Amino acid sequence: MKNIIYLIVLFSVLNVYSQNFNDIGKISLSIVMPENLEDLDESNLSNLETKILEIVNKTGLSGTGYNNNFVIYPKFTIYNSKISKGMQNITFIDCELSLFIKQVDNNMVFSSISKKLNGNGLSKQEAISNSIDSLDSTEDAFSKFIEKGKTRIIQYYESRCADLIVQADGMAKRQSYEEALALLLSIPSEVSCFSKVQSKTIEIYKNYQSYRCGGLLQQAQSDAAQNDFSSSLSSLSQIDPSSKCGPEAKALMGKIEGKIDAANRQQFQATMMVYKDAVQLEKQRISAVRDIAVEYARNQPKPATNNYLILIR
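Residues numbered from 1 in each chain as written. Predicted model: local features only at pLDDT ≥ 70, side-chain atom pairs only at ≥ 80, totals over all residues. Heavy atoms only, no water.

Student: Tell me what's going on with the overall build of the protein, and back it up with residues and numbers.
Tutor: Broken down by element type, the protein carries 9 helices and 7 strands. Evaluated residue by residue, the protein yields a buried proportion of 46% over its 313 residues. In the protein, once contacts between residues fewer than 6 apart in sequence are set aside, the share between residues at least 24 apart is 68%. Surface exposure of the protein reaches about 15,900 Å², of which carbon and sulfur atoms provide 47%. (Helix = DSSP H or I, 4+ residues; strand = E, 2+ residues; numbered from the N terminus. Buried < 20%, exposed > 50% of the residue type's maximum accessible area, 1.4 Å probe, protein only. Contact = heavy atoms within 4.5 Å. Areas by Shrake-Rupley, 256 points an atom, 1.4 Å probe, with all protein chains shown as cover.)

Shown next, in the form of structure tokens:
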């Protein structure tokens, strides 16, 4: 007799952020995993999460992100379980794993796939683990699943790109610079207006710099007066040379150059390079924009808890 147990599963969004410049402009999916799921222990869930991440990464997307408007989440169904008795009892299970790519804002599923799996082991957990291990993340079906989701996501951004730029501009005018940059960094490079996105990103970043550079410069001056040159250089490294504080920041660099010891020399040279090297400055801007967007996303509350139905038969 098949027993149907309905498990309401709370989910948490995995927010892991890459430190690679290549993730900027790359379509990303936040991986949504259930918490405290009956019959799947922590090891099973971790294994399943790893498999999903492999599927996403092997198809050219990123399993990281600056927001979690687009998610990929599983539904795991055990529809048959039996124990073969002998010198050692062996548990056999037949199950199905379904994956969904969904837009959180409008609750719309962009792509889905289901795969039948089976496994066996000395316990139910071991059988589940073996069934997950049997999943081949390189299967062509998964590539098609991701590609369909990717196409739908690009279509979404393509249709809304101009509106999103205007929206980001409005946020910046309200001095919500971090939110504006996080929004712009969520737009993939495949959309036709991406060059406009990049231009608007740099524009907003420079405005953000002018907005906050006064405080950074004041802190750098205070630290330098106390001979805390490491902290002073840390603040100065965050000031864009093109901002209104750029000339004063450069002048302060000149003042402390002769006072720093060997321990701070490397940090000084790295900071000064940004002021002299256009390529290094561009890298610093990219890194700074990314870090701002990441920090903003980290500090946002998790989306309202959603319920996903996991069926165990």
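On we go.
Student: Describe the environment of Leu117, listing the residues and the values that go with them.
Tutor: For Leu117, the position within the fold is in strand β6 (residues 108-121). Residues Leu117 and Ile128, spaced 11 residues apart in sequence, show a C-alpha to C-alpha distance of 9.4 Å. Each residue touching Leu117, except ones within four places of it in the same chain, is listed here: Ile93, Asp94, Cys95, Leu97, Ser131, Ser134 and Leu135.

Student: Describe the pairing of strand β3 (residues 30-34), naming the residues involved and giving the relevant values.
Tutor: Most of β3 is tucked away: 5 of the 5 residues are buried. Side chains Ser30, Val32 and Pro34 project from β3 onto one buried face, and the interleaved Ile31 and Met33 project onto a second face that is buried too. Bridge count between β3 and strand β4 (residues 70-84): 2 bridges; the pairing is parallel. Bridging across to β4, Ser30 finds its partner in Val71. (Pairing = 2+ DSSP bridges.)

Student: Requested: an account of the state of the cysteines, with residues and values cited.
Tutor: Overall, the coordinates contain 2 disulfides when judged by the stated rule. With a sulfur-sulfur separation of 1.6 Å, Cys161 is cross-linked through a disulfide to Cys193. A torsion of 75 degrees about the S-S bond marks the disulfide between Cys161 and Cys193 as right-handed. Within this pair, whereas Cys161 is found in helix α3 (residues 140-173), its partner Cys193 is found in the loop between α4 (177-185) and α5 (194-225), the two being separated by 32 residues in sequence. According to the relative accessible area criterion, Cys193 is buried, its value standing at 12%. Note that Cys213 is cross-linked by a disulfide to Cys245, the S-S spacing being 2.0 Å. The chirality of the disulfide connecting Cys213 with Cys245 is right-handed, given an S-S dihedral of about 65 degrees. With a gap of 32 residues between them, Cys213 in helix α5 and Cys245 in the loop between α6 (229-236) and α7 (246-257) connect regions that are remote in the sequence. By relative accessible area, which is 5% here, Cys245 ends up buried. Taken N- to C-terminal, the disulfide-bonded cysteines of the protein are connected 1-2, 3-4. (Disulfide = S-S within 2.5 Å.)

Student: Give a detailed account of the packing of aromatic side chains, specifying residues and quantitative values.
Tutor: A ring pair, where both rings are aromatic, is described by two values, the distance of the centres and the angle of the planes. Applying the stated criterion to the full structure yields 7 aromatic pairs. Ring centres 5.2 Å apart and planes at 20 degrees place the aromatic pair Tyr73 and Phe100 in the stacked group. Taken together, the residues Tyr73 in strand β4 and Phe100 in strand β5 (residues 90-103) connect sequence positions 27 residues apart. Residue classification places Tyr73 among the buried positions, given a relative accessible area of 9%. Here Phe100 falls in the buried class, since its relative accessible area comes to 17%. Between the aromatic rings of Tyr156 and Tyr157, the centroid separation amounts to 5.1 Å while the plane-to-plane angle is 75 degrees, which identifies the pairing as edge-to-face. For Arg152, the ring lying beneath its charged end belongs to Phe110, and the centroid distance is 4.6 Å. (Phe/Tyr/Trp six-rings, centres within 6.5 Å; stacked < 30°, edge-to-face > 60°. Lys NZ or Arg CZ within 6 Å of the ring centre and 35° of its normal.)

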